[in-house]
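Observations on the model geometry
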Amino acid sequence: MNGVNSLKRGLVAITFSGFMVVGAWAQNSTTTPPTPNPDVVQDQKDINQDRRDVHQDTRDIHQDRKDVANDRKDIVNGKTDISNDKAQLHNDVNQYGANSPQARADGKDIRTDRSDVVADKKDIVSDKKDLHRDKRGRRHDRRDLHHDRVERNRDLNNK
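Quick summary incoming for the structure in this document. On a predicted model such as this, the values are computed, not experimentally measured, just so you know. (Residues numbered from 1 in each chain as written. Predicted model: local features only at pLDDT ≥ 70, side-chain atom pairs only at ≥ 80, totals over all residues. Heavy atoms only, no water.)

Attention now moves to the overall build of the protein. Secondary structure summary: the protein contains 3 helices and 0 strands in total. Walking the protein from its N terminus toward its C terminus, one meets helices and strands in the order α-α-α. For the protein, the accessible surface area stands at approximately 12,200 Å², while carbon and sulfur atoms represent 53% of it. (Helix = DSSP H or I, 4+ residues; strand = E, 2+ residues; numbered from the N terminus. Areas by Shrake-Rupley, 256 points an atom, 1.4 Å probe, with all protein chains shown as cover.)

Bringing the side chain of Asp-155 into the picture now. In this structure, Asp-155 sits in helix H3 (residues 101–157). An unpaired buried charge is present at Asp-155: no salt bridge exists, and Arg-154, the closest side chain of opposite charge, is 6.5 Å distant. Residues contacting Asp-155, with those up to four places away along its chain left out, are Asn-37, Asp-39, Val-40 and Asp-43. (Buried < 20%, exposed > 50% of the residue type's maximum accessible area, 1.4 Å probe, protein only. Lys, Arg positive; Asp, Glu negative; His and termini not counted. Salt bridge = Lys/Arg side-chain N within 4 Å of Asp/Glu carboxyl O. Contact = heavy atoms within 4.5 Å.)

Within the structure shown, the criterion is met by 1 salt bridge. One salt bridge connects Arg-133 with Asp-130, and the closest N-O pair in it is separated by 3.1 Å. Here Asp-130 and Arg-133 lie together in helix H3, a separation of 3 residues that amounts to about one turn.

Taking 1.5 Å as the rise per residue, helix H2 (residues 38–96) with 59 residues should run 87 Å; its terminal C-alpha atoms sit 84 Å apart, in good agreement. Where H2 begins, the side chain of Asn-37 points an oxygen toward the backbone nitrogen of Asp-39, at a separation of 3.1 Å. Positive backbone phi, approximately 110°, marks Gly-97, located one or two places after H2. (Expected span 1.5 Å × (residues − 1). Polar contact = N/O pair within 3.5 Å; in protein donor to acceptor, adjacent residues only side chain to side chain.)

Let us look at the packing of H2 against H3. For the pair H2 and H3, the least separation of the axes is 6 Å and the interaxial angle reads 165°. Looking at the two axes, H2 sits roughly antiparallel to H3. The chirality of how H2 crosses H3 is left-handed. (Axes fitted to C-alpha atoms, helices over the stretch in contact; angles between N-to-C directions. Parallel < 35°, antiparallel > 145°, perpendicular 65-115°, else oblique. Left-handed = near helix turned anticlockwise from the far one by under 90°.)

The next point concerns the environment of Ile-47. Examined against the element boundaries, Ile-47 turns out to sit in helix H2. Between the C-alpha atom of Ile-47 and that of Leu-145, which follows or precedes it by 98 residues, the distance is 5.6 Å. Leaving out residues up to four positions away in the same chain, Ile-47 has contacts with Leu-145, Asp-148, Arg-149 and Arg-152.

With that settled, the discussion passes to the side chain of Asp-92. Considering the arrangement of structural elements, one finds Asp-92 in helix H2. One buried charged side chain, Asp-92, makes no salt bridge at all; its nearest oppositely charged neighbour is Arg-104, positioned 12 Å away. Residues contacting Asp-92, with those up to four places away along its chain left out, are Gly-97, Ser-100, Gln-102, Ala-103 and Asp-106.

What follows is the structure, encoded as structure tokens:
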């Protein structure tokens, strides 16, 4: 009987500890966590929004820099096209005459290339303005982010 009694005592001990664990778990799961300060919650939402804004502004700045570089390449290529068209015009005038259809087509190509270069220069100006605006916007968003973090910390300390 000694072995059976010890087996019964072991089962009782395991069952009792199981009830204790279930009771503690039930008590923990029914208690509600403390309600966070609404100012802190709003400050955190503002911080998250400002971080997204800074990220988007940084992406816009990178894109504007790429646009400026591409426009500069377009201007260089346009000037190269103009010089090639001038050489072709010179050859066609010598070969076919000044009023030949080939010479007129070359003159038209030169005018088109010049207008493309002018358009590319205007694009650079526009892209530089966009770049400046995006940098300024990012600066403002970073300042807002800093202020929101300061407010959140102030609200956390004033609990």
